[in-house]
Amino acid sequence: MTTETQATAAASGAGATARFRENKQIGGGTSQERVNALAGRLLKAVNDIVLDEKVTYDEYNAFKAWLIQVGEDGEWPLFLDVWVEHSVEEVANDNRHGTKGTIEGPYYIPDAPTQNTPATLQMRKDEPGTPLLFQGQAKNVAGEPLAGALIELWHADDLGFYSQFAPGLPEWNLRGSVIADGEGYFEINTIQPAPYQIPTDGACGALIATAGWHAWRPAHLHFKVSAPGHQPITTQLYFEGGEHVVDDIASAVKPELILAPTRRADGHCREVTYDFILDPED
Ligand code: MBD
Ligand code: FE
């Protein structure tokens, strides 16, 4: 069987949930005062909707069943990262002057294999998709090069699947960490990813279908870029004119993050240059 026929919401959801639990300090350091304020406002907002919209018992029970199903499908990371993370990111990166950030999403894995530039992401023999040379320079906000900056890159394949969250893909397929040279320059060979469709067979897919929404994110490359003495940035880059660039379900596209690759003189491969600018640590 292929990745396409075997991929399920529950499997990718379980993977994303396990990954989140391994890596995050859940709730650590949130004070009683903040919990009281935030949980209080959330519950008031929900109750206001019930009263305003005159929510029925049928609707309340549908909602309750759906919330239970989100958990059973392991889709809380997906749900939150698609519909809430963009606002958290906006607040978090409000004061930056360098490269715009955007959401991390549920599929980052730390400690991908490291290579020096020029690099080629691990991929299958005959990996489907248009080859893409992604190159640029890591700099500080004064325009000075960041020698040895680390560019972590992960993205979906030509069918929209992420390694470690869909069956049948090699562990580090289309994931890697690239060390820039002494002048901050990097060159990364990969393929252009496809748009990503939220799994349709889980609770998030059921919400999308029932509400009459669409389930798509535009094709995107995910990045974490870091250098000593600087604030790391988590961001994504998109492709000009691509499907769903203008109606990303995750509300994570920003105009500064849209690439316009050109075809190389030698034909098949596309290439694009993008510089990452990091803010100093505060
Ligand atoms: C993705 O690939 C993604 O980037 C986000 C934010 C949510 C779901 C899948
Ligand atoms: Fe993604």
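In case you missed it, the structure is sitting above this.
These lines cover the structure that appears in this document, whether it is placed above or below. Every chain begins its residue count from 1, and numbering advances along the sequence as written. Both sets of labels track the order of writing: A upward for chains, 1 upward for ligands. pLDDT decides what is reported in this predicted model: residues at 70 or higher carry local features, side-chain atom pairs at 80 or more are listed and counted, and totals for whole chains, interfaces and linings draw on all residues regardless. Each side-chain value is derived from all of the structure's non-hydrogen atoms; neither hydrogens nor water enter the calculation.

**Focus on the environment of Gly-229**
- Numbered from the N terminus, helices here are DSSP runs of H or I no shorter than four residues, and strands are runs of E no shorter than two. Here Gly-229 is to be found in the loop between β9 (220-226) and β10 (233-239).
- Contact definition: two residues touch when any of their heavy atoms are within 4.5 Å. Apart from the residues lying within four places of it in its own chain, the contact partners of Gly-229 are Pro-280 and Glu-281.

**Quick notes on the site of ligand 1**
- Any residue with a heavy atom positioned within 4 Å of a molecule or strand is treated as near that molecule or strand. Neighbouring residues of ligand 1: Leu-78, Val-82, Ile-103, Gly-105, Pro-106, Tyr-107, Tyr-162, Tyr-196, Arg-217, His-220 and His-222.
- Between ligand 1 and Tyr-162, the relevant distance is 2.8 Å, taken from an oxygen atom to a side-chain nitrogen or oxygen of the residue.
- Here an oxygen atom of ligand 1 sits 3.0 Å away from a polar atom, N or O, in the side chain of His-222.
- In isolation ligand 1 exposes 260 Å². Once the protein is present, 100% of that is buried. Any N or O atom pair separated by 3.5 Å or less is treated as a polar contact, with the protein-specific requirement of one donor-capable and one acceptor-capable atom, and with residues adjacent in sequence counted only for side-chain atom pairs. Surface accessibility follows the Shrake-Rupley procedure with a 1.4 Å probe radius. Residue values consider only the protein chains on display as shielding.

**Re a nonpolar patch on the surface**
- A cluster of nonpolar side chains, contributed by Leu-42, Val-46, Ile-49, Val-50, Leu-51, Val-55, Tyr-57 and Tyr-60, occupies part of the molecular surface with about 790 Å² of accessible area.
- Mapped onto the nonpolar patch, the elements with two or more residues apiece are α3 (32-53) and α4 (57-72).
- The greatest single-element share of the nonpolar patch, amounting to five residues, is contributed by α3.
- Residue position: Val-46 is located in helix α3.
- For Val-46, a relative accessible area of 37% puts it in the partly exposed group. Patch membership requires over 30% relative accessible area and the absence of a salt bridge. Like charges are linked within 9 Å, and nonpolar side chains (Val, Leu, Ile, Met, Phe, Trp, Tyr) within 5 Å. Throughout this description, the term salt bridge denotes a Lys or Arg side-chain nitrogen within 4 Å of a carboxyl oxygen of Asp or Glu. For every residue, the accessible area obtained with a 1.4 Å probe (protein chains only) is divided by the maximum for its type, and the residue is called buried under 20%, exposed over 50%, and partly exposed between those limits.

**Overview of the pairing of strand β5 (residues 175-179)**
- Among the five residues of β5, four are classified as buried, and the element is accordingly described as predominantly covered.
- Bridge count between strand β1 (residues 114-116) and β5: three bridges; the pairing is parallel. Across the sheet, residue Gln-115 finds its bridge partner in β5, namely Val-178.
- Paired strands are those between which DSSP finds at least two bridges. One ladder, built from five bridges, connects strand β4 (residues 150-155) with β5; its direction is antiparallel. Looking at β5, one finds that Leu-150 is bridged to Ile-179.

**Observations concerning the packing of aromatic side chains**
- Geometry of aromatic contacts follows a simple scheme: Phe, Tyr and Trp rings, the Trp one being its six-membered ring, pair when their centres are within 6.5 Å, and the pair is stacked under 30 degrees between planes, edge-to-face over 60, tilted otherwise. This model, assessed by the stated rule, comprises 16 aromatic pairs.
- Grouped by ring-pair contacts, the aromatic residues Trp-66, Trp-76, Phe-79, Trp-83 and Trp-213 constitute a single cluster.
- Placement of a charge over a ring requires the Lys NZ or Arg CZ to be within 6 Å of the ring centre, with the centre-to-atom vector within 35 degrees of the ring normal. The residue whose ring lies beneath Lys-224 is Tyr-108, and the NZ or CZ to ring-centre distance is 4.7 Å.

**Considering the nonpolar core**
- For this analysis, a nonpolar core means a set of buried residues of the types Ala, Val, Leu, Ile, Met, Phe, Trp, Tyr and Cys, connected via side-chain atoms within 4.5 Å. By size, the foremost hydrophobic cluster in this structure holds 53 residues, and its most contacted members are Phe-134, Ile-198, Phe-223 and Phe-276.
- Considering each element in turn, this core owes the most residues, four residues, to β10.
- Ile-198 has contacts with Leu-78, Val-82, Cys-204, Ile-208, Ala-215 and Ile-249, leaving out every residue within four places of it along the chain.

**Let's talk about the packing of helix α5 (residues 76-83) against helix α7 (residues 203-211)**
- Angles run from 0 to 180 degrees between N-to-C directions of axes, and those axes are lines fitted to C-alpha atoms, restricted for helices to the stretch in contact. It is the contact of α5 with α7, at a shortest axis distance of 9 Å, that shows an interaxial angle of 45°. The angle between α5 and α7 falls in the class oblique. Packed against α5, whose contacting residues are Leu-78, Phe-79 and Trp-83, the element α7 presents Cys-204, Leu-207 and Ile-208 at the interface. Comment on the angle field: the value is read as roughly parallel under 35 degrees, roughly antiparallel over 145, roughly perpendicular from 65 to 115, and oblique elsewhere.

**Considering the pattern of salt bridges**
- Under the definition given, this model contains nine salt bridges.
- For the salt bridge of Asp-48 with Lys-44, the shortest nitrogen-to-oxygen distance reads 2.9 Å. Here Asp-48 pairs with Lys-44, and both are found in helix α3, just four residues apart, close to one helical turn.
- For Asp-248, the salt bridge goes to Arg-217, with nearest N and O atoms at 2.8 Å. Remark: Arg-217 occurs in strand β8 (residues 216-217) and Asp-248 occurs in the loop between β10 and β11 (258-259); sequence separation between them is 31 residues.
- For Arg-217, a relative accessible area of 6% puts it in the buried group.
- In the salt-bridge network here, residues are joined through shared partners; they are Arg-124, Glu-127 and Asp-157.

**Points about the sheet that holds β1**
- Pairing in this open sheet of six strands is mixed, and the strands run β1-β5-β4-β9-β10-β11 from one edge to the other. Edge positions in the sheet fall to β1 and β11, since each of these pairs with one other strand and no more.
- Relative to β9, β4 is paired through six bridges, and the arrangement is antiparallel. Its bridge partner being in β9, Glu-152 is matched across the sheet by Lys-224.

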